[in-house]
Each structure stands twice: as C-alpha cells, then as structure tokens.
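Residues per chain are reported as follows:
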Amino acid sequence: MSHSGRNVARNKDSGLRLLAAGLLYLSPVLIIMIVFTFYPMLKTLYYSFFTTNARGIPVLFVGLDNYVQLFQSDSFLTSLRGTFLYVLYTVPLGVAIAFFLAVISSERLRGIQFFRIVFSSTVGVSVAAGSMIFLFLFHPSIGFLNHALDWIGIAPIQWLTDPKWALISVAATSVWMGIGFNYIILLGGLQGIPEDMYESAKIDGAGYWVRLFRITLPMVSPTLFFVIIVTVIHSFQSFGQIDILTKGGPAESTNLIVYSIYQNAFIHYKFGIASAQAIILFLIVLIATIIQFKVGEKKVHYQ
C-alpha cells in the first residue's frame, strides 16, 4: 500500500473512532429521545391507522378512515377552529405584554428590581395553581371581576359558562401564566444590547421612540423570534387550564385539540381516533413553525 493510501486509511480509522466516541457520549441523550420521543411518535402514527379496544390494543386496520372520520366530524372541526382562535388570542397579546414589561423594567430606575421580581413571578406558578386563582376570579357570584363590573354599573358576565366568553377567559388565564417566562427571556435579550449604541443615538439627537424602533427592536428581534415560536407551540399544547376551568365546555367552545385528544383516549377509549388527532396536531405545529421560520426569520437582525 502506498504512503497516501495508508494516510487515507489512518484518517478513516481516526474518523470512525471519533464518531464512535461521540455516539458514546451522546448515547444517554439518544436513548432518552428514542424512548420518550421517537418511539411514542411512531407508536402514535401506527395506532392512527387502527381501531382499538378499551385496553388500547389495535384490533382492526382501517387505513386513513380515522382521519376521514375526523374531518367529517363537526366536533373535531369545532375544536380545530377553537384551537386557532385560542392561539390568536394568546400569542400576540402575551408576547406584546411581556415585551412592554421588559422594556419599561430595563430602564435604570430606583426600585426596578422589585418590579422585575413581580413581572417574572408567574413563571413559578403551576398551571393548576394559576387556574385555581382565575377560577375564583371568574366565579359568577363571588368572583372579583364581576364585583368590579357591578361597582361600575355593568351587568355580571358568565365568564366560564357563556360560550362567547369561555375561550376568551381561558386565553386570559394562559396569557397571565405565560408572561413570566416571556418576560425573563425578553429582558435578558434587552440587557444584552450594548449601551454605547444608545449613547451614540442620543448624541445624534434620536428620541426615545426612534431608539426603540431603530435599535431596541432590531437588536432584540432574535430573542423575540424565539419567544414567539415557543409561545405558539405552547399555546397549541395547552391542557391544564382548560381541564380545570371549563373541561372543554360550554358547548365545546373550549374543547381544544389537546383536550379532545385526552377525552377520546382516556374517557371514550378511542385510541385510534386520538392518535390520528395527535398526528394532525403535530403536523399543524410543524407547519406553523416552518412558516414562522420562512417568514419571520427574514426580519430577524443577527449581529
């Protein structure tokens, strides 16, 4: 064998050893992902082509009938429409409020640390605890919100039992619970902007709003982009607040896809239908994420 041939073989062996070493170090993570992510996804896809018995065992291959049945179901179409409305209610408002709070608390003011703690406090509140807080706030007779409306002469609102208000009420709960996480991430992005950029802009005569739109927004856009993507995905996966506040009602107005999956799988024992819904939800989230990357990333300013 020539000298060059031996070098190629040696480099190949070295590359294989490095690959084996890398896989060995990554093996714990790979095993966890295979067991808890990839295997359940493949199992769900497999179940979506079958009808199952009450124990979740496939008994009859039906192909795409589960998917066809879903798109012919008024209940599923209602849950699909409610899910998109819920995402529309929660994402823009939640991100906007968190960004506003992050901007005002990034100023160097006395006592601002206290407000930073208050604004980020919801990150430590569990879904169950947060939902119980709003369950009392929305209570038709003893709830604070209806008492406040009564003080100003407005008739009480059936926040959780009126189909026109139930989804809005659940969305408001979700926005409040998500503000803490979004606020912390956005505040970190704002604090990473170099101060000398603002100083240079002030010297050039730029006012507050010019600095906000010409410096702050472009520089924090990667963080804002990340927060929007995470918030969209989280909104599609909301479950706990719906289960505690409305249980999918009234008149299925808050029966979002995730809650519908839970009902079909663990109440009606229709695991095939539930699996098909889960696959549809996965595809919706995947498409939404791809669209955000295709459209939103063009407007992101990377340093």
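Residues numbered from 1 in each chain as written. Predicted model: local features only at pLDDT ≥ 70, side-chain atom pairs only at ≥ 80, totals over all residues. Heavy atoms only, no water.

As named in an unreviewed UniProt entry, the protein is Sugar ABC transporter permease, taken from Paenibacillus apiarius. Recorded in UniProt for the protein, the comment headed Sequence similarities (unreviewed entry) runs: "Belongs to the binding-protein-dependent transport system permease family." The UniProt entry for the protein carries this comment under Subcellular location (unreviewed entry): "Cell membrane". (UniProt positions renumbered as here; feature names shortened; annotations may be inferred.)

A. The arrangement of the UniProt feature "transmembrane region" (unreviewed entry) in the protein in detail. Mapped onto this numbering, the UniProt entry gives "transmembrane region" (unreviewed entry) at residues 16-38, 84-105, 117-138, 165-190, 211-233 and 271-293. Here residues 84-105 runs as 100% helix and 0% strand, with 32 Å between its end C-alpha atoms. A helix fraction of 100% and a strand fraction of 0% characterise residues 165-190, whose end C-alpha atoms lie 35 Å from each other. (Helix = DSSP H or I, 4+ residues; strand = E, 2+ residues; numbered from the N terminus.)

B. Quick peek at helix α5 (residues 127-137). For α5, the set of buried residues is G130, S131 and F134. Taken end-on, α5 shows its buried residues confined to a sector of 100°, consistent with a single buried face. Looking at the buried positions of α5, the neighbouring elements they touch are α7 (163-191) and α10 (240-245). (Buried < 20%, exposed > 50% of the residue type's maximum accessible area, 1.4 Å probe, protein only. Arc of directions from axis to C-beta. Contact = heavy atoms within 4.5 Å.)

C. Representation of the pairing of strand β2 (residues 58-61) within the structure. As defined by bridge partners, strand β1 (residues 50-52) adjoins β2 across three bridges and the pair is classed as antiparallel. Across the sheet, T52 pairs through a bridge with P58, a residue of β2. Between β1 and β2, which follow one another and run antiparallel, lie five residues, and G56 among them has a positive phi close to 80°. (Pairing = 2+ DSSP bridges.)

D. Main features of the packing of aromatic side chains. Going through the model one piece at a time under the given rule, you end up with 23 aromatic pairs. Aromatic side chains Y46 and F50 sit 4.7 Å apart centroid to centroid with 45° between the ring planes, which places their arrangement in the tilted category. Classification of Y46 by relative accessible area gives partly exposed; the value is 40%. Seen in terms of ring centroids, Y262 and F266 are 6.0 Å apart; in terms of plane orientation they differ by 40°. Their pairing is tilted. With Y262 and F266 both in helix α11 (residues 257-266) and four residues apart, the pair spans about one turn of that helix. With relative accessibility at 29%, the residue Y262 sits in the partly exposed group. On the accessibility criterion, F266 (55% relative accessible area) is exposed. (Phe/Tyr/Trp six-rings, centres within 6.5 Å; stacked < 30°, edge-to-face > 60°.)

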